[in-house]
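If you want the building blocks of each chain, they are given just below.
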Amino acid sequence: MNNERINTALRHATDTQNVTIGAGALVSVDDLFRQSFGDEAAVVVADENTFAVAGEEVQRHLEAGGRKLAEPYVFPGQPTLYAGYGNIETLIEALHVHDAIPIAVGSGTLNDIVKRASYECDRPYLCVATAASMDGYTAFGAAITKEGYKQTMTCPAPRAVLADVDILVNAPLRMTASGYADLLGKVTAGADWIIADALRVEKIDPQVWSLVQDPLRGWTAKPAELHTGDQEAMDQLIEGLVMSGLAMQAHQSSRPASGAEHQFSHLWEMEGLGQDDDPPLSHGFKVGVGSISIAALYERILERDLSEVDVEARREAWPAWEEVERAVRTAHPNPPLDEAFVEQTRAKYVDADRLAQRLELLREVWPKLHEKVKEQLMTAEELREMLGAAGCPTSPTEIGLTWEDFKATYSRAQMIRKRYTVLDLANETGVLEGCVEELFAPGGFWARDAAS
Ligand SMILES: [Zn+2]
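Position numbers for residues start from 1 in each chain and track the written sequence from start to end. The predicted origin of the model limits local features to residues at a pLDDT of at least 70 and limits the giving and counting of side-chain atom pairs to 80 or more, whereas totals for whole chains, interfaces and linings rest on all residues. Side-chain figures throughout are based on the complete set of non-hydrogen atoms in the structure, without hydrogens or water.

### Details of the packing of helix H8 (residues 186-198) against helix H9 (residues 206-213)
If you want to describe how two helices pack, look at the angle between their axes and the distance between the axes. Packing of H8 against H9 brings their axes to within 11 Å, and their N-to-C directions diverge by 160 degrees. It follows that H8 is roughly antiparallel to H9 by the angle criterion. Here H8 runs over H9; the crossing is left-handed. Contact with H8, carried on its side by Lys186, Gly190, Trp193 and Ile194, involves Val208, Trp209, Val212 and Gln213 of H9 and no other residues of that element. Axis definition: a line fit to C-alpha positions, over the contact stretch in the case of helices; interaxial angles, taken between N-to-C directions, run 0 to 180 degrees. Runs of H or I in DSSP of at least four residues are treated as helices and runs of E of at least two as strands, each being numbered from the N terminus. Roughly parallel here means an angle under 35 degrees, roughly antiparallel means over 145, roughly perpendicular means 65 to 115, and every remaining angle is called oblique. Here a crossing is taken to be left-handed if its near helix is turned anticlockwise relative to the far helix by less than a right angle, and right-handed if that turn runs clockwise. When checking whether two residues touch, look at their non-hydrogen atoms; a contact exists if any pair is within 4.5 Å.

What follows is the structure, encoded as structure tokens:
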């Protein structure tokens with residue numbers, strides 16, 4: 001790991017104080033624990049799989065360090081652990097019989113369960129990552145299903161994180177591939193932030209920006225090597241994922257790590273795509289297909305000269321809020337998502353006058369903005385190749401979507417979140433529909449796949 005980069009990020013992070021990444025890092029788990037919690041007692045929390053992979057060894061190292069330990073809490077290994085609120089309640093009950101600091105040994109779901117349960121028990125925790133599968137290790141909040149609705153529940157990020165590259169390279173390839181896709185999604189996420197900044201919707205924080213975007217190409221340069229257990233490639237991947245989480249802490253928002261590609265992913269996730277598969281369809285695989293989709297949309301938009309947008313025509317065509325609300329409800333008829341999406345769309349709705357001001361600004365800044373966005377992006381084809389090399393699905397049908405549902409995502413995903421992205425730019429300039437049609441028309445990016 002690049003110590004300087006990690007240390008810079010830690011200085012800006014709000015919750016996480018210590019990060020150790022490296023081959024063989026697990027031997028230092030007791031040192032990391034002491035650095036973070038002094039002489040407190042510890043309790044290992046894992047599932048049967050991750051306990052065998054790393055939990056037992058963590059336990060041994062803590063014992064050897066003379067640390068006071070509570071009995072490990074181990075969830076069943078089969079079926080795949082589910083991020084449901086019931087598992088959090090179970091863990092809270094187990095934690096209440098002692099006051100030991102939890103050590104989460106596992107990947108995304110286990111970490112989310114421990115993150116939220118620790119918070120409800122008013123305790124900090126330490127995370128030992130067993131797969132480079134997503135950027136949530138160092139992020140605040142936990143993705144939990146409660147009352148049938150997947151939501152992000154409040155809770156701080158871990159105080160300390162340890163990732164042993166020797167363990168990560170032996171994780172199932174699909175998990176590594178998922179993490180790679182989550183990281184590569186920062187390419188389009190960055191482009192969206194550039195647009196929001198240029199249109200004065202959401203300013204770029206240059207320090208936070210550089211935590212993720214400066215090293216991004218290096219972190220993602222070796223997708224094929226991840227297949228072969230290459231330690232260097234894995235070290236880069238986990239550093240990128242950990243840094244992305246730290247950047248979200250520094251910014252107190254997921255903006256540095258999430259744009260329209262995540263909106264595609266979130267919509268599919270909230271509608272339950274692949275959730276009954278075992279293992280369930282991963283976050284990263286949805287983000288990967290989302291990233292290709294958004295990069296393809298960007299290509300269509302960058303072909304257009306938005307400095308020529310007809311502001312008066314757009315002002316006249318611009319719908320009143322009531323009309324927009326109806327459109328959101330038509331596109332998303334199912335509760336409780338409908339109300340949530342109306343609220344999110346409302347938060348970013350501007351009236352016709354403000355739209356006109358924004359478009360005037362766009363006309364002015366477009367030549368420069370066009371250049372900046374182009375420099376930030378990769379082509380959809382490049383992303384498809386890199387994701388394919390990492391072992392990710394690259395077509396919507398591979399993750400269980402019909403072409404019809406997939407195509408509809410381009411307009412439906414614009415309505416689910418208040419975050420300003422390229423989907424909003426396309427919607428406000430009136431080019432979204434035309435661009436999407438081009439993507440599916442003969443010669444378009446999706447035409448060949450959709451026809452086969
Ligand atoms: Zn993500």
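### Things to note about the coordination of the zinc ion
Donor selection uses N, O and S atoms within 2.8 Å of the metal (3.2 Å for Na, K and Ca). Since no water is included, sites may look incomplete. Here the zinc ion is held by Asp182 (OD), His262 (NE2) and His283 (NE2), and the distances to it run 2.1 to 2.2 Å. Mapping the donors of the zinc ion onto the primary sequence yields the spacing D-x79-H-x20-H. Within this pair, whereas His262 is found in helix H12 (residues 260-270), its partner His283 is found in helix H13 (residues 283-302), the two being separated by 21 residues in sequence. What makes His283 partly exposed here is its relative accessible area of 23%. Three labels apply to residues, based on accessible area from a 1.4 Å probe with only protein chains included: buried if under 20% of the type maximum, exposed if over 50%, partly exposed otherwise in between.

### Points about the layout of surface pockets
Only protein atoms enter the calculation, which uses a 1 Å grid: trapped sets of points that fit a 1.4 Å probe without letting it out are cavities, open sets showing protein on both sides within 12 Å along at least five of seven lines are pockets, and any residue with an atom within 4 Å of a point is a lining residue. Grid points are joined across faces, edges and corners, and a volume is the space filled by probe spheres set on the points. In this structure, the second largest pocket spans a volume of roughly 590 Å³. Lining the second largest pocket are 26 residues; nearest its centre among them are Ser411, Gln414, Met415, Asn427 and Leu432. Taken together, the elements giving at least two residues each to the lining of the second largest pocket come down to helix H15 (321-331), helix H16 (337-348), helix H19 (403-412), helix H20 (422-429) and helix H21 (432-440). Three classes are used: nonpolar for Ala, Val, Leu, Ile, Met, Phe, Trp, Tyr, Cys and Pro, charged for Asp, Glu, Lys and Arg, and polar for all others, with Gly counted as polar. Class assignment of the residues belonging to the lining of the second largest pocket gives a composition of 13 nonpolar, five polar and eight charged.

### Observations regarding the packing of aromatic side chains
Each aromatic ring pair is described using two quantities: the centre-to-centre distance and the angle formed by the ring planes. Stacked, tilted and edge-to-face pairs are distinguished by plane angle, under 30 degrees for stacked and over 60 for edge-to-face with tilted covering the rest, among Phe, Tyr and Trp rings (Trp via its six-membered ring) whose centres lie within 6.5 Å. A complete count under the given rule lists 15 aromatic pairs for this structure. Here the aromatic rings of Phe264 and Tyr410 are separated by 5.1 Å at their centres, their planes lie at 80 degrees, and the arrangement is edge-to-face. Placement of the pair is Phe264 in helix H12 and Tyr410 in helix H19, with a sequence separation of 146 residues. Among the aromatic side chains, those forming a connected cluster through ring pairs are Phe264, Trp268, Trp403, Phe406, Tyr410, Phe440, Phe445 and Trp446. Charge-over-ring placement is defined geometrically: NZ (Lys) or CZ (Arg) within 6 Å of the ring centre, and within 35 degrees of the ring normal. If you follow Lys146 out to its NZ or CZ, it ends over the ring of Tyr85, 4.4 Å from the centre.

### Looking at the packing of H8 against H13
Across the interface, H8 lies against H13 with an axial gap of 10 Å and an inter-helix angle of 45 degrees. The orientation of H8 relative to H13 falls into the category oblique. For the pair H8 and H13, the contacting residues are Thr188, Ala191, Asp192 and Ile195 in the first and Ser291, Ile294, Ala295 and Tyr298 in the second. Considering only residue class, the contact of H8 with H13 consists of five nonpolar, two polar and one charged.

### Re the environment of Thr154
One can find Thr154 in the loop between strand S7 (149-153) and strand S8 (160-164). Expressed as a C-alpha distance, the spacing of Thr154 and Thr90, which sit 64 residues apart in the sequence, is 18 Å. Here Thr154 is in contact with Arg116 and Tyr119, once residues within four sequence places are set aside.

### Comments concerning the pattern of salt bridges
Put simply, a salt bridge is a Lys or Arg side-chain nitrogen that is within 4 Å of an Asp or Glu carboxyl oxygen. Within this structure, the stated rule accounts for 21 salt bridges. Between Glu120 and Arg116 there is a salt bridge, and its shortest N-O distance comes to 2.8 Å. Within this pair, Glu120 and its partner Arg116 are both found in helix H5 (residues 108-120), separated by four residues, close to a single helical turn. Here Arg384 ties to Glu381 by a salt bridge, and the two come within 3.0 Å at their closest N and O atoms. Separated by three residues within a single helix, Arg384 and Glu381 lie in helix H18 (residues 380-390), roughly one turn from each other. Its relative accessible area of 32% is what places Glu381 among the partly exposed residues. Linked through salt bridges whose partners overlap, the residues forming this network are Asp30, Arg34, Asp39 and Arg67.

### Some points on the sheet that holds strand S3 (residues 73-75)
Spatial strand order, S1-S8-S5-S4-S2-S3: six strands in an open sheet with parallel pairing. In this open sheet, the two edge strands, each paired with only one partner strand, are strand S1 (18-22) and S3. Geometrically, the sheet is characterised by an average inter-axis angle of 15 degrees between neighbouring strands, direction not taken into account. One requirement defines pairing of two strands: DSSP has to find at least two bridges between them. Pairing geometry for S1 and S8, over five bridges, is parallel. By the bridge assignment, Thr20 is partnered in S8 with Leu162. Each of strand S2 (42-47), S3, strand S4 (101-106) and strand S5 (126-129) is contacted by H5, which is oriented at about 165 degrees to S4, the strand it contacts most. Of the strands in this sheet, S1 and S8 touch helix H11 (residues 231-251), which is tilted by about 165 degrees from S1.

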